[in-house]
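Here are the chains, one letter per residue:
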2 protein chains.
Amino acid sequence: MIGGMGSLATAHFLEVLALKCGADRDQDHIPYVALSLPDIPDRSFAISTGSDRPFGKILERARWLESAGCGAVAIPCNTAHFWAPQLKQNLTITLIDLIDATTRVIRKQYRHKLPTLRLILLGTNATMEHNPYREGIGSCPAKDPSQDLRDLSEEAATLISDVKSGRIGRARRNLSRMIHDIRASYNPDVIVLGCSELSAISGNIADDEDVIDPIDILADASIAWWRKDR
Amino acid sequence: MIGGMGSLATAHFLEVLALKCGADRDQDHIPYVALSLPDIPDRSFAISTGSDRPFGKILERARWLESAGCGAVAIPCNTAHFWAPQLKQNLTITLIDLIDATTRVIRKQYRHKLPTLRLILLGTNATMEHNPYREGIGSCPAKDPSQDLRDLSEEAATLISDVKSGRIGRARRNLSRMIHDIRASYNPDVIVLGCSELSAISGNIADDEDVIDPIDILADASIAWWRKDR
């Protein structure tokens, strides 16, 4: 897997993977190589400014994993999946697509409410602007979507930045308050923790019925890939 | 770093590394390759039965990291350090030695109580039997050391096995109770969480003044290695 986007989120993904794989002893856990070279340019900033610079770095890492003998690549970063189609085109091994897997889970879990599901996505500015979870699913239940999204996006960006710089206590309190406010203001059907830094600090929040955690789903998809044909 | 001994402990080490490195943004975090191929034979069983089988597998992984361009290797597993001297002999890159680093911290932190420090080590059977933290430091403050060590060792082994198989809630409760009982029975100066699975579930326990967490120290040592000459 490609790590470093960010480093705490990488560790969290590996923790979820270890806890969910159902192994009874060390030897039955899932083998992996985590390549965490975090000097990939800021994905959200690049997308917002029309730059493809992170893509080259991500592809370089994916190809390194490919040549190291990995059978699939997982990337615990929602924003990086902006380049998922190009990555797939340039790899001979599987990209375990976080967005595809999460979209499938949302569609299945909320099938009776599609296509007008009231979905709130939290993530980096670029993820919230481009919302990869929107297609055919539903929309943001806001009064003034553009203004409400801007406010949420600013709050989410502060939270994500707090996690990346280790201000975990503050980030946890703010995420909890933010989820509470979102429920009160928008009454959404589902809130997606669309940034792996949010997943990393979500704790019990991710267990709530109306919360979707893509990192949890990526772990399930990775385990399913590993088990397939074994 | 070499992971998979065990997988949850690997994720925990990477989490501590991310939290302690003091980075403000993704790009300033420490780069690493985590090679987690967990099919290394049980270290404790091998040591207890006089087998060197795990050593070959661990060396193979260390050499792979060496040829991948890593400048140092960290192994978040106390028991595996039984083979640290041979590993160092067979590598051209640094092994960031968990046992050495922890011993240095204990010697510094408790220098006024040496060499009769009352130290209780928890870990795998082999780690507790061979106690790598004993030399020149102190001894087990037990009434009947052989019997008391056997009882503690059995309890610790159950705990470690619970962590490896994902029974985290039970393991946490039992570790907390065990630490409480140890304080009441032996009044030690220091309790060493000498297995990375114990570190992984220790939570607030690791912050107690009389508790030493080698994984926390390994993260500090890894960060110090990375910062040196940079």
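Numbering of residues starts from 1 in every chain and runs along the sequence as written. A letter from A marks each chain and a number from 1 marks each ligand, given out in the order of writing. Under the rules for a predicted model, residues below a pLDDT of 70 receive no local features and side-chain atom pairs below 80 are neither given nor counted, while totals for whole chains, interfaces and linings still include all residues. Side-chain metrics in this entry use all non-hydrogen atoms of the structure; hydrogen atoms and water are not considered.

**Some details on the nonpolar core**
Nonpolar side chains in soluble globular proteins tend to end up buried together.
Here's step 1: The criterion is simple. A nonpolar core is a set of buried Ala, Val, Leu, Ile, Met, Phe, Trp, Tyr and Cys residues joined through side-chain atoms within 4.5 Å. A simple rule labels every residue: compare its accessible area, found with a 1.4 Å probe on the protein chains alone, to the largest value its type can have, and call it buried under 20%, exposed over 50%, or partly exposed in between. Grouped together as the largest cluster of nonpolar side chains are 65 residues, with contacts concentrated most on A:Phe13, A:Leu14, A:Ile106, B:Phe13, B:Leu14 and B:Ile106.
Here's step 2: Strands here mean DSSP runs of E at least two residues long; helices mean DSSP runs of H or I at least four residues long; both are numbered from the N terminus. Of all the elements, helix H10 (residues 214-227) of chain A adds the most residues to this core, at six residues.
Here's step 3: Here, two residues are considered to be in contact whenever any of their heavy atoms come within 4.5 Å of each other. Once residues lying within four places of it in the same chain are set aside, the contact partners of A:Leu14 are A:Met1, A:Tyr32, A:Ala34, B:Ala11 and B:Leu14.
Here's step 4: Within the second largest apolar cluster, 48 residues are counted, among which are A:Leu59, A:Ala84, B:Ile58 and B:Ala80.

**Observations regarding the packing of aromatic side chains**
Here's step 1: In summary, the pairing rule links any two rings of Phe, Tyr or Trp, Trp by its six-membered ring, whose centres are within 6.5 Å, and it sorts them by plane angle into stacked for under 30 degrees, edge-to-face for over 60 and tilted for everything else. Under the counting rule described, the total for this entry stands at five aromatic pairs over all chains.
Here's step 2: Ring geometry for A:Trp225 and A:Trp226: centres 6.5 Å apart, planes at 40°, overall tilted.
Here's step 3: Note on A:Trp225: relative accessible area 28%, which makes it partly exposed.
Here's step 4: With a centroid separation of 5.3 Å and an interplanar angle of 85°, the aromatic rings of B:Phe82 and B:Trp83 are classed as edge-to-face.

**Some points on the relation of the copies chain A and chain B**
In this arrangement, two copies of a chain are superimposed by a rotation about an axis accompanied by a shift along the axis.
Here's step 1: Its rotation angle being 180°, the transformation that places chain A on chain B also includes 0.0 Å of axial translation and leaves an RMSD of 0.0 Å. On the angle and the small slide along the axis, the relation comes out as a two-fold axis.
Here's step 2: When the interface residues of chain A are mapped onto chain B, 100% of them again fall at the interface, so both copies present the same face. Each copy is superposed on the other by least squares, with the fit set by C-alpha atoms of residues at a pLDDT of at least 70 in both.

**A few points about the confidence of the model for chain A**
A low pLDDT means the predicted coordinates there should not be read in detail.
Here's step 1: Per-residue confidence from the prediction method is given by pLDDT, with values spanning 0 to 100. In this model, chain A carries a mean pLDDT of 95, and residues with pLDDT of at least 70 account for 100%.
Here's step 2: Reported confidence for the predicted complex is 0.96 by ipTM and 0.97 by pTM.

**Here we look at the side chain of B:Thr124**
Residues and elements named next belong to chain B.
Here's step 1: Here threonine 124 shows up in the loop between strand E4 (117-122) and helix H6 (125-130).
Here's step 2: Judged by relative accessible area, which is 13%, threonine 124 ranks as buried.
Here's step 3: Each polar contact in these results corresponds to two N or O atoms within 3.5 Å; when the atoms are within protein, one needs to be able to donate a hydrogen and the other to accept it, and residues that are neighboring in sequence are counted only if both atoms are side-chain atoms. Looking at threonine 124, its side chain comes within polar contact range of the side chain of threonine 79, at 2.9 Å.
Here's step 4: Not counting residues up to four positions away in its chain, the partners in contact with threonine 124 are Ser44, Thr79, Ile160 and Cys195.

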